[in-house]
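# Structural description and commentary
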2 protein chains.
Amino acid sequence: MTDIDNKPIEGKPIEDRDEERHRAKMAKRKAVQDAEVAAKTIEKGLLIVNTGPGKGKTTAAFGLALRMLGHGKRVGVVQFIKGKWHTGEKDAFAAFGDRVVWHAMGEGFTWETQDLKRDIAAAEAAWAKVLELMADPSISLLVLDELNIALRYDYLDLDKVVGALKARREGLHVVVTGRNAKPALVEAADLVTEMGVTKHHFSAGVKAQQGIEF
Amino acid sequence: MTDIDNKPIEGKPIEDRDEERHRAKMAKRKAVQDAEVAAKTIEKGLLIVNTGPGKGKTTAAFGLALRMLGHGKRVGVVQFIKGKWHTGEKDAFAAFGDRVVWHAMGEGFTWETQDLKRDIAAAEAAWAKVLELMADPSISLLVLDELNIALRYDYLDLDKVVGALKARREGLHVVVTGRNAKPALVEAADLVTEMGVTKHHFSAGVKAQQGIEF
């Protein structure tokens, strides 16, 4: 039986053999990695969708915003759903002054409002803000938080939204979050990540906590 | 045929019927939501694992750190893998001064070093830093970025690591990131999210870009 990865290297002490095997394995990995990097040459503003039932859709979008801010860029955030909780991320982004443009839909729509007309009007106002920020060349990344929920409830016209996102200016990155991303949006996107729940602390009776859920 | 959700409400104009249906649906949803929230009473420091092949494992961890910072808390970050790229998030966290304690493993281990002994020593030094930060009561959240990679390569002892994480002080939240989380870590965790790839721009030849990948 020949096991390439565990083939003995004759005449060397064990530790040196391990070292040698490791070096060969990592050199191979580096070659693959370098070739993969070299094959990718396109630069473009991405349409990114974070969906699925798991955690991390919004936090990953905000982590990306933070990364962009670290490069000295400006970011925009439009929140399409607004709970009663005050969220920590908004306060944290205040540290970046006018490099973060934040728009949370008035009182927002949720199961809290129970008012269809008000919800639709709020979604449309937020969408108008999105169009304004998409046209602003100083913005490098735009986070459309929970837009998928507004689309799911048909508060906004899907074709209109997807059409505008597809027609975004060159170089603008847009991140859309929320469960149940519409197939037309997935189709138009460059990067779609599905956050899946493997294990959730809510199932063990743990409540939403400051700094974690809000 | 009876369709509950589309049952006509007699003697009212169409718009009012829609409004009424919406209100009833949302009221029901709110009742479910409120009952769920009320049923959860436990508060505890969570062990969170972001794993899977998709994007967002590290960015979601950093988004959570940002949320925590927004509440005036302190966070620690220990990076177990370090590429040649300068990352934007580190510069962004500098805005929070000494409320972020950042430790990137010296030169770090990757397929770039190709030196097993150096990699193990670097992983052990990073782990020593983790133990120090876990013992610091001023830290509310600790991000152990790419710890799963160090565990996968057996640079650190799995039992030792999981044992220490389980024994963390009350109230400390820890987020571990990286592909291929070990089953023992998943078992010990409160919240495990699997980031799955639905669609990736690298497959379309798009390269890693500033503010997105680094």
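Quick caveat, the model's predicted, so the values are computed rather than measured.

Parameters at a glance
- Residues numbered from 1 in each chain as written.
- Chains lettered and ligands numbered in written order.
- Predicted model: local features only at pLDDT ≥ 70, side-chain atom pairs only at ≥ 80, totals over all residues.
- Heavy atoms only, no water.
- Axes fitted to C-alpha atoms, helices over the stretch in contact; angles between N-to-C directions.
- Helix = DSSP H or I, 4+ residues; strand = E, 2+ residues; numbered from the N terminus.
- Parallel < 35°, antiparallel > 145°, perpendicular 65-115°, else oblique.
- Contact = heavy atoms within 4.5 Å.
- Nonpolar A, V, L, I, M, F, W, Y, C, P; charged D, E, K, R; others polar.
- Core = buried A, V, L, I, M, F, W, Y, C linked by side-chain atoms within 4.5 Å.
- Buried < 20%, exposed > 50% of the residue type's maximum accessible area, 1.4 Å probe, protein only.
- Buried area = accessible area lost by both parts, 1.4 Å probe.
- Salt bridge = Lys/Arg side-chain N within 4 Å of Asp/Glu carboxyl O.
- Polar contact = N/O pair within 3.5 Å; in protein donor to acceptor, adjacent residues only side chain to side chain.
- Arc of directions from axis to C-beta.
- Least-squares fit on C-alpha atoms with pLDDT ≥ 70 in both.
- Pairing = 2+ DSSP bridges.
- Expected span 1.5 Å × (residues − 1).
- Patch = residues over 30% accessible without salt bridge, like charges linked within 9 Å, V, L, I, M, F, W, Y side chains within 5 Å.
- Areas by Shrake-Rupley, 256 points an atom, 1.4 Å probe, with all protein chains shown as cover.
- Lys, Arg positive; Asp, Glu negative; His and termini not counted.
- Charge placed at Lys NZ, Arg CZ, Asp CG, Glu CD.

On to the packing of helix H2 (residues 57–70) of chain A against helix H2 (residues 57–70) of chain B, then. Contact pair H2 of chain A / H2 of chain B: the axes reach a minimum separation of 6 Å and the direction vectors enclose 85°. The angle between H2 of chain A and H2 of chain B falls in the class roughly perpendicular. On the side of H2 of chain A, the interface is formed by Thr58, Thr59, Ala60, Phe62, Gly63, Leu64, Leu66 and Arg67 of chain A, while H2 of chain B contributes Thr58, Thr59, Ala60, Phe62, Gly63, Leu64, Leu66 and Arg67 of chain B. When grouped by side-chain class, the residues that make up the contact of H2 of chain A with H2 of chain B number 8 nonpolar, 6 polar and 2 charged.

A few words now on the nonpolar core. Counting 45 residues, the largest nonpolar core has Phe93, Phe96 and Leu141 of chain A together with Phe93, Phe96 and Leu141 of chain B as the members making the most contacts within it. In this view, leucine 141 of chain B contacts Ile212 of chain A together with Leu64, Ala65, Met68, Arg74, Val75, Gly76, Leu172, His173 and Val175 of chain B; residues no more than four positions away in its chain are not counted. Residues Phe80, Leu116, Ala122 and Met134 of chain A belong to the second largest nonpolar core, which totals 34 residues.

Below, the discussion takes up the interface of chain A and chain B. The interface is formed by 80 residues belonging to chain A together with 80 residues belonging to chain B. Buried area between chain A and chain B, both sides added, is near 7300 Å², and the carbon and sulfur share of it is 60%. Along the contact surface separating chain A from chain B lie 4 salt bridges. Here chain A is connected to chain B by 40 residue pairs in polar contact (both at pLDDT 80 or more). Those elements that place two or more of their residues in the side of chain A that touches chain B are helix H1 (14–39), H2, helix H3 (88–93), helix H4 (116–134), helix H7 (183–188) and strand E6 (191–199) of chain A. If one sorts the elements of the side of chain A that touches chain B by residue count, H1 of chain A sits on top with 11 residues.

So, about helix H6 (residues 158–166) of chain A. All names here are of chain A. Along H6, the positions that sit buried rather than exposed are Val161, Val162, Ala164 and Leu165. One side of H6 holds all its buried residues, which, seen down the axis, span an arc of 160°. Of the residues in H6, the exposed ones pointing more than 90 degrees away from the buried face are Asp159 and Lys166. Buried residues along H6 sit against strand E1 (47–51), H4, strand E4 (139–145), helix H5 (147–152), strand E5 (173–177) and H7.

So, about the relation of the copies chain A and chain B. When chain A is fitted to chain B, the best match, at an RMSD of 0.0 Å, comes from turning it 180° and sliding it 0.0 Å along the axis. What the superposition gives is, in effect, a two-fold axis relating one chain to the other. Minimal C-alpha distance to the rotation axis in chain A is attained by alanine 60 of chain A, lying at 1.8 Å. Counting the interface residues of chain A, we find that 99% of their copies in chain B are interface residues as well, pointing to one common contact surface.

Glancing now at the pairing of strand E6 (residues 191–199) of chain B. The pairing of E6 of chain A with E6 of chain B spans 7 bridges and is antiparallel. The partner of lysine 199 of chain A across the bridge, within E6 of chain B, is valine 192 of chain B. Both strand E1 (residues 47–51) of chain B and E6 of chain B contribute to a ladder of 4 bridges, which runs parallel. Along E6 of chain B, the bridge assignment pairs isoleucine 48 of chain B with leucine 191 of chain B.

Residue and element names in this part refer to chain A. When the terminal C-alpha atoms of H4 are compared, their 27 Å separation across 19 residues agrees well with the 27 Å that a helix rising 1.5 Å per residue should span. Buried within H4 are the following residues: Leu116, Asp119, Ala122, Ala123, Ala126, Trp127, Val130, Leu133 and Met134. Across the axial projection of H4, the buried residues extend over an arc of 140°, all falling on one side. For H4, the N-terminal cap is aspartate 115; the gap from its side-chain oxygen to the backbone nitrogen of lysine 117 is 3.3 Å.

A separate point is a positive patch on the surface. On the surface, Lys25 and Arg29 of chain A together with Arg152 and Arg179 of chain B cluster together into a positively charged patch. Structurally, arginine 179 of chain B can be placed in the loop between strand E5 (173–177) and helix H7 (183–188). Judged by relative accessible area, which is 41%, arginine 179 of chain B ranks as partly exposed.

Let us look at the environment of tryptophan 102 of chain A. Residues and elements named next belong to chain A. Within the secondary structure, tryptophan 102 is located in strand E3 (residues 100–104). In contact with tryptophan 102, not counting residues within four places along its chain, are Phe62, Val77, Gln79, Glu89, Lys90 and Phe93. Reaching out from tryptophan 102, the side chain makes a polar contact with the side chain of glutamine 79 at a distance of 3.3 Å.

As enumerated under the stated definition, the model contains 19 salt bridges over all chains in all. Between arginine 168 of chain A and aspartate 190 of chain A there is a salt bridge; the shortest N-O distance is 3.1 Å. With arginine 168 of chain A in the loop between H6 and E5 and aspartate 190 of chain A in the loop between H7 and E6, this residue pair connects regions lying 22 residues apart in the sequence. Between arginine 21 of chain B and aspartate 18 of chain B there is a salt bridge; the shortest N-O distance is 3.2 Å. Taken together, the residues span about one helical turn, with arginine 21 of chain B and aspartate 18 of chain B both in helix H1 (residues 14–39) at a distance of 3 residues. What makes arginine 21 of chain B partly exposed here is its relative accessible area of 24%. When salt bridges with common partners are traced through the structure, they connect Lys44, Arg168 and Asp190 of chain A into a single cluster.

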